[in-house]
Amino acid sequence: MVSKSYSNLLDMTSGDGFDFRQPFKSLPRVVTSPGIISDPDWDTISDGDSVGSASSTERKIIVANFLPLNCTRDETGKLSFSLDHDALLMQLKDGFSNETDAVYVGSLKVQVDPSEQDQVAQKLLREYRCIPTFLPSDLQQQFYHGFCKQQLWPLFHYMLPICLDKGELFDRNLFQAYVRANKLFADKVMEAINTDDDCVWVHDYHLMLLPTLLRKRLHRIKIGFFLHSPFPSSEIYRTLPVRDEILKSLLNADLIGFQTFDYARHFLSCCSRLLGLHYESKRGYIGIEYFGRTVSLKILSVGVHVGQLESVLKLPATISKVQEIEQSYKGKILMLGVDDMDIFKGISLKLLGLELLLDRNPKLREKVVLVQIINPARSTGKDVQEAITEAVSVAERINTKYGSSSYKPVVLIDHRIPFYEKIAFYAASDCCIVNAVRDGMNLVPYEYTVCRQGNEEIDKLRGLDKDTHHTSTLIVSEFVGCSPSLSGAFRVNPWSVDDVADALCRATDLTESEKRLRHEKHYRYVSTHDVAYWARSFAQDLERACKDHYSRRCWAIGFGLNFRVIALSPGFRKLSSEHFVSSYNKASRRAIFLDYDGTLVAQSSINKAPSEEVISILNTLCNDPKNVVFIVSGRGRDSLDEWFSPCEKLGVAAEHGYFIRWSKEAAWESSYSSPQQEWKHIAEPIMQVYTETTDGSSIESKESALVWHYLDADLDFGSFQAKELQDHLERVLSNDPVVVKCGHYIVEVKPQGVSKGHAVNKLVQTLVNNGKAPDFLMCVGNDRSDEDMFECINSMTSNDVLSPTVPEVFACSVGQKASKAKYYVDDTSEVIRLLRNVTRIKSQREDVNASHVRVTFRDVVDYVD
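Residues numbered from 1 in each chain as written. Predicted model: local features only at pLDDT ≥ 70, side-chain atom pairs only at ≥ 80, totals over all residues. Heavy atoms only, no water.

## A few points about the overall build of the protein
For clarity, the threshold we go by: Segments assigned H or I by DSSP are reported as helices when at least four residues long, segments assigned E as strands when at least two residues long, and all are numbered from the N terminus. Only protein chains enter the area calculation, which uses a 1.4 Å probe; residues under 20% of their type maximum are buried, those over 50% are exposed, and those in between are partly exposed. Contacts between residues were defined by any pair of non-hydrogen atoms, one from each residue, lying within 4.5 Å. Using a 1.4 Å probe, accessible areas were evaluated by the Shrake-Rupley method; residue-level cover was limited to the displayed protein chains.
Across its full length, the protein holds 27 helices and 31 strands. Residues counted as buried form 54% of the 865 residues belonging to the protein. Here the contacts in the protein between residues at least 6 apart in sequence split such that 71% fall between residues at least 24 apart. Working note: accessible area of the protein is about 38900 Å², and carbon and sulfur atoms make up 50% of it.

Below, the structure written as structure tokens:
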């Protein structure tokens, strides 16, 4: 366990991180009750109102914008609270074990006077395990109604800020309010955290900065984030001016959850296009590599609380209401819509579909009724008022055109109704339609399916046998998060009124057996994938994503919202210049292997030729008789020969070691058989086809290999084409002695057995056989191909290949990332600085020796005279 003060020290240090694989049992982070702590491993339990008290129970801290509480204020101004059992945050507790201590952090839906806040906070913690975040009214307005509802929410629902006069453009002040609010939430979460084993589960787009704010204080905290809204495509998301800050913050979580694969795919595309990150699927789990950490993705739609719906369905008031509804609409086909009042729910489009249905099918007039329940709007604004006015206008037009004194095709219920009434409408309706143009979490189809299952009391009142099969019909927009899980529903494009009208018509024409089969299929899924299953599955995946927390060393880098934690293996550390120089000076025989691109010259450099300084350093190293220096590169030998022609004694291993030359005067040699060109005649035309169809790609032809580059192509399309090309080449070259490998924006075909690791192994073995076994080994590289070198020299030292000599080994990666190397340096400039240091010290020593020789000779001359 890391105390908050120590986590600050980690922010300042650039040296070795602390090894936390043996954490304390449960030292409390915040002690809210007076007392004396005599031992850091104490297990006593203090008062129940102390959220920071030590406990052996598992703690999950659930964070959302609003607490799952009902808040009312009486005439005297006194506040009263009760649990909101309909809230998702309250229902997900059913997915946790009985030993789990669930603590809630969020804001209240009412403003509390500052003088009352302490008293209210103690009451909520003691009675409901809730920690309130008190936001000032002006901050709440800017944070929730401003940035969240005016900018994030429309953008995540694919609405771009086009009109300048509507105040839709990005407002930096509103974003600052979003940051301040998230910081206040983070402060409250820190009060709830007891040990590093506690899990923090953050919900929805209101708190997307929370992972960074928490990770900055506790590097090994377990953080899960679930986005209940859609996540837009990269073309939409990239219009957000603070796009990188939000993406980087989400990546500070350990697990990120989405409703559908589409939303997860959009997030992955944003990470790839905007941050240049790579992702892959391992054993069914999708992971993004982010500075040595693997951020996992979870794809699972939220479920409903089946037990609660069934209990409400059994209430006498519900059963009575079901009877009343069925009596009122007897002989009619009752269709139901239940939506919040906002511009994305497609209420008007749904009504237009009904209008077209009645226009095309006169026989359905006086027979089809659509009851549209409109929940109160969660936000205010001109757009919401326009949507309400439009829906009412269309409903009145339909009723005027097709209605009569005894028949209304559209029944609008635009006021808040009790929950049991809504359940009764679900149970009594023949069909339910959800026609949102864009929606994330929409549980209406799931609730409808559960309620249509009914119960014995309702079946008796209907005169049905207990073995009677139940039916239901669903029409669902294909842009709703739950749509993929409802395979028996009619999926519609809500923008197509014809599509909606056709689905309504088909729903009225289903046979009873078809309705039954569709209902059974949906009920089987909904009943097994309820809210408890969702919460349990997310919690299990969060534990799996965090299982390596204590086996890694952590470094904190970056400021503000660019903060991130680098997690690396325990033995991986920054190469100390003092240690390196000291070992270099002590050695009598040295072998130095240097990668070129990304090691001696920056990867982003346009001019790839070595600088004069690099040539000078290499010459100084090579002129030392104790040194054997090699450039080990994937580049062709012609380029390397030209660039390093001033270095007479420099060894070169070109094309990953296919060609080796010990010095400029030595001949190129290869231990591989003469290259067979037949496979090139097969591979090159295939690569040419992919080059022509992938703008920005190119082919590099080497003597021993062919390389397809796609760095300058569209990242997503290039990656897609690279996978296709790799599969294609592997099939057609399966009988040839070559391998096809995907690298950093490349697909390469080369002879089997060719790698930098094999090259280094051959060079070292030659030195050993010649009686020049090195006692100092240095190997520096920056990409995947260099990992073969690191693995090679590590295996040599562990297998006593160099015995009786026990060399000092410096396997060094350029950049802090997961590697088989033991050390790292930050960039190419630091590599050059290290090499420059040892050459300068050597030059200074030679100058001192030369000066000493001159003085001695002069003394001898004087003595002779």
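## Considering the sheet that holds strand S26 (residues 706–709)
To keep things clear, this is the line we draw: In this scheme, strands are said to pair when DSSP sees at least two bridges between them. Inter-axis angles, ranging from 0 to 180 degrees, are taken between N-to-C directions of lines fitted to C-alpha atoms, where helices are fitted over the stretch in contact.
With antiparallel pairing, the 4 strands of this open sheet are ordered in space as S25-S26-S28-S27. With one partner strand each, in any of the chains shown, strand S25 (698–701) and strand S27 (738–743) form the two edges of the open sheet. For this sheet, the mean inter-axis angle between neighbouring strands, taken without regard to orientation, is 15°. Inspection of the sheet shows S25 paired to S26 by 4 bridges, in the antiparallel sense. The residue of S26 that forms the bridge with Ser701 is Leu706. Across the sheet, helix H24 (residues 715–732) touches S26, S27 and strand S28 (746–751), and the angle it forms with S27 is around 170°.

## Here we look at the sheet that holds strand S10 (residues 285–290)
In any sheet, the strands associate via hydrogen bonds between backbone groups, in a parallel or an antiparallel arrangement. An order of S5-S4-S1-S6-S7-S8-S11-S10-S9 is seen for the 9 strands of this open sheet, with the pairing classed as mixed. The sheet terminates laterally at strand S5 (130–132) and strand S9 (279–282), the two strands that pair on one side only. Adjacent strand axes in the sheet meet at a mean angle of 25°, parallel and antiparallel pairs treated alike. Across 5 bridges, the pairing between S10 and strand S11 (residues 293–299) is antiparallel. Within S11, the residue paired with Ile288 across the bridge is Val295.

## Some points on the confidence of the model for the protein
Our working definition: The predictor's confidence in any single residue is recorded as pLDDT, a number from 0 to 100.
When pLDDT is averaged along the protein, the result is 85, and 88% of the positions lie at 70 or above. A low-confidence stretch, residues 1–48 stays under pLDDT 50, and its non-local contacts, those more than four residues away or across chains, total 92 contacts. Segment residues 852–865: pLDDT under 50, and 0 contacts once partners within four positions in sequence are set aside and those in other chains are kept.

## Considering helix H4 (residues 137–156)
Note the threshold: We define the bend at each residue as the angle formed by axes fitted to the 7 residues ending at it and the 7 residues starting at it.
When the local axis directions of H4 are compared, the greatest deviation, roughly 45°, occurs at Cys148. In terms of burial, H4 is largely enclosed, as 14 of its 20 residues are buried. Positive backbone phi, approximately 70°, marks Tyr158, located one or two places after H4.

## Points about the environment of Asp775
Threshold: Throughout this description, a polar contact denotes any pair of N or O atoms lying within 3.5 Å of each other; where both atoms belong to protein, one of them has to be capable of donating a hydrogen while the other can accept it, and for residues adjacent in sequence the pair is counted only when both atoms sit in side chains.
Structurally, Asp775 can be placed in the loop between helix H25 (756–769) and strand S29 (776–781). Taking the C-alpha atoms as reference, Asp775 lies 6.2 Å from Val806; in sequence the two are 31 residues apart. For Asp775, the side chain forms a polar contact with the side chain of Ser588, separated by 2.9 Å.

## Quick word on the side chain of Ser813
The topology assignment puts Ser813 in strand S30 (residues 808–814). There is a polar contact of 3.4 Å between the side chain of Ser813 and the backbone oxygen of Gly815. In contact with Ser813, other than residues within four places in its own chain, are Phe572, Gly781, Phe790, Ser819, Ala821, Tyr823, Tyr824 and Val825.

## What about the packing of helix H10 (residues 306–313) against helix H14 (residues 419–428)?
Quick note on the threshold: An angle below 35 degrees is treated as roughly parallel, one above 145 as roughly antiparallel, one from 65 to 115 as roughly perpendicular, and anything else as oblique. Amino acids outside the nonpolar list (Ala, Val, Leu, Ile, Met, Phe, Trp, Tyr, Cys, Pro) and the charged list (Asp, Glu, Lys, Arg) are all regarded as polar, and Gly is one of them.
One can describe the packing of H10 onto H14 by two numbers: an axis separation of 9 Å at closest approach and a directional angle of 90°. Classified by the angle between their axes, H10 and H14 sit roughly perpendicular to one another. Contact residues: Leu309, Val312 and Leu313 in H10; Phe419, Tyr420, Ile423 and Ala427 in H14. Partitioned by chemical class, the residues of the contact of H10 with H14 number 7 nonpolar, no polar and no charged.

## With respect to the packing of aromatic side chains
Any pair of aromatic rings gets described here by the distance separating the centres and the angle formed by the planes. Our working definition: Stacked, edge-to-face and tilted labels apply to pairs of Phe, Tyr and Trp rings (six-membered ring for Trp) whose centres lie within 6.5 Å, assigned for plane angles under 30 degrees, over 60, and everything in between, in that order.
According to the stated counting rule, one finds 36 aromatic pairs in the structure shown. When the ring of Phe231 is compared with that of Phe267, the centres are 5.5 Å apart and the planes differ by 85°; the resulting orientation is edge-to-face. On the criterion of sequence distance, the pair formed by Phe231 in the loop between strand S7 (222–226) and helix H7 (234–237) and Phe267 in helix H9 (residues 261–275) is long-range, its members being 36 residues apart. Exposure class is identical for Phe231 and Phe267. Each is buried. Relative to Tyr745, the ring of Tyr710 lies with its centre 5.7 Å away and its plane at 80°, an arrangement referred to as edge-to-face. In this pair, Tyr710 sits in the loop between S26 and H24 while Tyr745 sits in the loop between S27 and S28, placing the two residues 35 residues apart along the sequence. Taking relative accessible area as the criterion, Tyr745 reaches 11% and is therefore assigned buried. Three or more aromatic residues joined by ring pairs make a cluster, and in this case those are Phe143, Phe147, Phe170, Phe175, Tyr178 and Phe185.

## A word on H25
Here is the rule: To estimate the expected span of a helix, subtract one from its residue number and multiply by 1.5 Å. By definition, the arc is the one covered by directions from the helix axis to the C-beta atoms.
The terminal C-alpha atoms of H25, which comprises 14 residues, lie 20 Å apart, in line with the 20 Å expected from a rise of 1.5 Å per residue. Among the residues of H25, Lys756, Gly757, Ala759, Val760, Leu763, Val764 and Leu767 are the ones counted as buried. Buried residues of H25 fall within an arc of 165° about the axis and therefore sit on the same side. With its phi angle positive at about 75°, Gly771 sits one or two positions after the end of H25.

## Focus on the nonpolar core
Filter applied, for reference: Definition of nonpolar core: a set of buried residues of the types Ala, Val, Leu, Ile, Met, Phe, Trp, Tyr and Cys, connected through side-chain atoms within 4.5 Å.
Counting 105 residues, the largest nonpolar core has Leu92, Leu108, Leu124, Val371, Ile475 and Trp534 as the members making the most contacts within it. Of all the elements, helix H13 (residues 382–402) adds the most residues to this core, at 7 residues. In contact with Ile475, other than residues within four places in its own chain, are Cys431, Cys432, Ile433, Val434, Phe490, Val492, Ala503, Leu504 and Ala507. Leu210, Ile223, Tyr237 and Ala264 belong to the second largest nonpolar core, which has 71 residues in total.

## Quick word on the pattern of salt bridges
Using the following cut-off: The working definition used for a salt bridge is a side-chain nitrogen of Lys or Arg within 4 Å of a carboxyl oxygen of Asp or Glu.
For the coordinates displayed, the defined rule picks out 39 salt bridges. A salt bridge links Lys123 to Glu127, with the shortest nitrogen-to-oxygen separation between them at 3.1 Å. Here Glu127 and Lys123 lie together in helix H3 (residues 114–128), a separation of 4 residues that amounts to about one turn. Assessed through its relative accessible area of 27%, Lys123 is described here as partly exposed. Taking relative accessible area as the criterion, Glu127 reaches 42% and is therefore assigned partly exposed. Across the pair Lys547 and Asp548 runs a salt bridge, and its minimum N-O distance is 3.6 Å. If you follow the salt bridges from partner to partner, you end up with Arg59, Asp101 and Arg129 in one network.

## Some thoughts on the pairing of S28
Most of S28 is tucked away: 6 of the 6 residues are buried. As defined by bridge partners, S26 adjoins S28 across 4 bridges and the pair is classed as antiparallel. When the sheet's bridge partners are listed, Leu706 is paired in S28 with Val749. In textbook terms, the turn of a hairpin is the stretch between consecutive antiparallel strands, and for S27 and S28 this stretch comprises 2 residues, one of which, Tyr745, has a positive phi near 60°.

## Re the packing of helix H12 (residues 347–360) against H13
Our working definition: Should the near helix be turned counterclockwise from the far one by less than a right angle, the crossing is left-handed, whereas a clockwise turn marks it as right-handed.
At a closest axis distance of 9 Å, the pairing of H12 and H13 adopts a crossing angle of 15°. Judged on the interaxial angle alone, H13 and H12 are roughly parallel. Along this stretch, H12 crosses H13, giving a crossing that reads as left-handed. Side by side, H12 and H13 meet where Ile347, Ser348, Leu351, Leu352, Glu355, Leu358 and Asp359 of the first sit next to Ala387, Glu390, Ala391, Val394, Ala395, Arg397, Ile398, Lys401 and Tyr402 of the second. Its residues assigned to classes, the contact of H12 with H13 shows 10 nonpolar, 1 polar and 5 charged.

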